[in-house]
Amino acid sequence: MATIINIETSGKTCSVALTRDGVLEFDLDDSTGMKHAEKLAPYVERVLDEAKRKEWKIDAVAVSIGPGSYTGLRIGLSLAKGLAFSMGVPLIGVSTLKILAVKAMFRNLNFTGEEVLVPMIDARRMEVFTGAYNFALDSLRAPGAMILDNESYRELLKDKHLWFIGDGAEKAKDVIKSDNAHWMDGLVPMAKDMMALSEKAFREGDFLDVAYSTPEYLKEYQTTTPKNNPVKGN
């Protein structure tokens, strides 16, 4: 067990949590929009003040590494790197998809453990970032980008109950039709949901390289030029 600062900035919510020995001790979050650049540093400072007040030594910094918002992930990882380096503690990277899967496990107490958890993070149009996990968090489908259609997850749905979760799952309701498809609405990745994953990584010594680690975008960042914005001089 350890005292860990957890940082989650992959989506619209910016959140930070202080966890210790398997207990959530203090957390802050803002879900009013993409205000990560404004909110994150002050939240971390307040968490550090709380640890100092209780005379706790920080053992590691954990951060969600994607997939998710390109900007949010860069902000979160950049601050987490600087914090870990300055404090001389390990940096832990946590998959956003696994954060959602773990949150779903604790949300539904009627699970048998045989279900498959399918987190989906909204991308553009009918595209999502997704993966499929059993209750040991073994990957049944490698994380990646998927364009949703009526063939999505068809093979797994033949003989398993799949639970679709996350802000991208709403789009799947119209195209994935199966008696084995189930939906869990309202799940958003939060720093406090990272605790089990960050503590496991700490115990196993599964750390990121503070200097060279990058977010797991799962697809290249694309930029577009507005049609009504001609380059001067042409």
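Residues numbered from 1 in each chain as written. Predicted model: local features only at pLDDT ≥ 70, side-chain atom pairs only at ≥ 80, totals over all residues. Heavy atoms only, no water.

Here's the deal with the overall build of the protein
Now for step 1: In terms of helices and strands, the protein carries six helices and ten strands.
Now for step 2: Each principal axis of the C-alpha distribution contributes one length, and for the protein these read about 65 × 55 × 30 Å.
Now for step 3: By the burial criterion, 47% of the 234 residues in the protein qualify as buried.
Now for step 4: Contacts in the protein between residues at least 24 apart in sequence constitute 62% of all its contacts with a sequence separation of at least 6.
Now for step 5: Summed over its atoms, the accessible surface of the protein is roughly 12400 Å², and 50% of this surface lies on carbon and sulfur atoms.
Now for step 6: For the protein, the separation between the mean place of its 29 positive charges and that of its 33 negative charges on side chains is 5 Å. (Helix = DSSP H or I, 4+ residues; strand = E, 2+ residues; numbered from the N terminus. Buried < 20%, exposed > 50% of the residue type's maximum accessible area, 1.4 Å probe, protein only. Contact = heavy atoms within 4.5 Å. Areas by Shrake-Rupley, 256 points an atom, 1.4 Å probe, with all protein chains shown as cover. Lys, Arg positive; Asp, Glu negative; His and termini not counted. Charge placed at Lys NZ, Arg CZ, Asp CG, Glu CD.)

Quick word on the side chain of Asp193
Now for step 1: Inspection of the secondary structure assignment puts Asp193 in the loop between β10 (181-184) and α6 (195-204).
Now for step 2: Reaching out from Asp193, the side chain makes a polar contact with the side chain of Lys103 at a distance of 3.1 Å. (Polar contact = N/O pair within 3.5 Å; in protein donor to acceptor, adjacent residues only side chain to side chain.)

Thoughts on the pattern of salt bridges
Now for step 1: Inspection of every chain in the model, using the stated rule, returns eleven salt bridges.
Now for step 2: Among the ionic pairs, Lys171 bridges to Asp122, the shortest N-O distance being 2.5 Å. A residue pair is termed long-range when its members are at least 10 positions apart, and Lys171 in helix α5 (residues 169-172) and Asp122 in strand β6 (residues 116-122) qualify at 49 residues.
Now for step 3: For Asp122, a relative accessible area of 38% puts it in the partly exposed group.
Now for step 4: The closest approach of N and O atoms between Glu170 and Lys173, which form a salt bridge, is 3.3 Å.
Now for step 5: Given a relative accessible area of 48%, Glu170 falls into the partly exposed group.
Now for step 6: A residue is classified by how much of its surface remains accessible, and Lys173, at 24% relative accessible area, is partly exposed.
Now for step 7: Beyond isolated ion pairs, a larger network of salt bridges with shared partners links Glu25, Glu50, Arg53 and Lys54. (Salt bridge = Lys/Arg side-chain N within 4 Å of Asp/Glu carboxyl O.)

So far we have only geometry, and geometry alone does not tell us how the molecule works.
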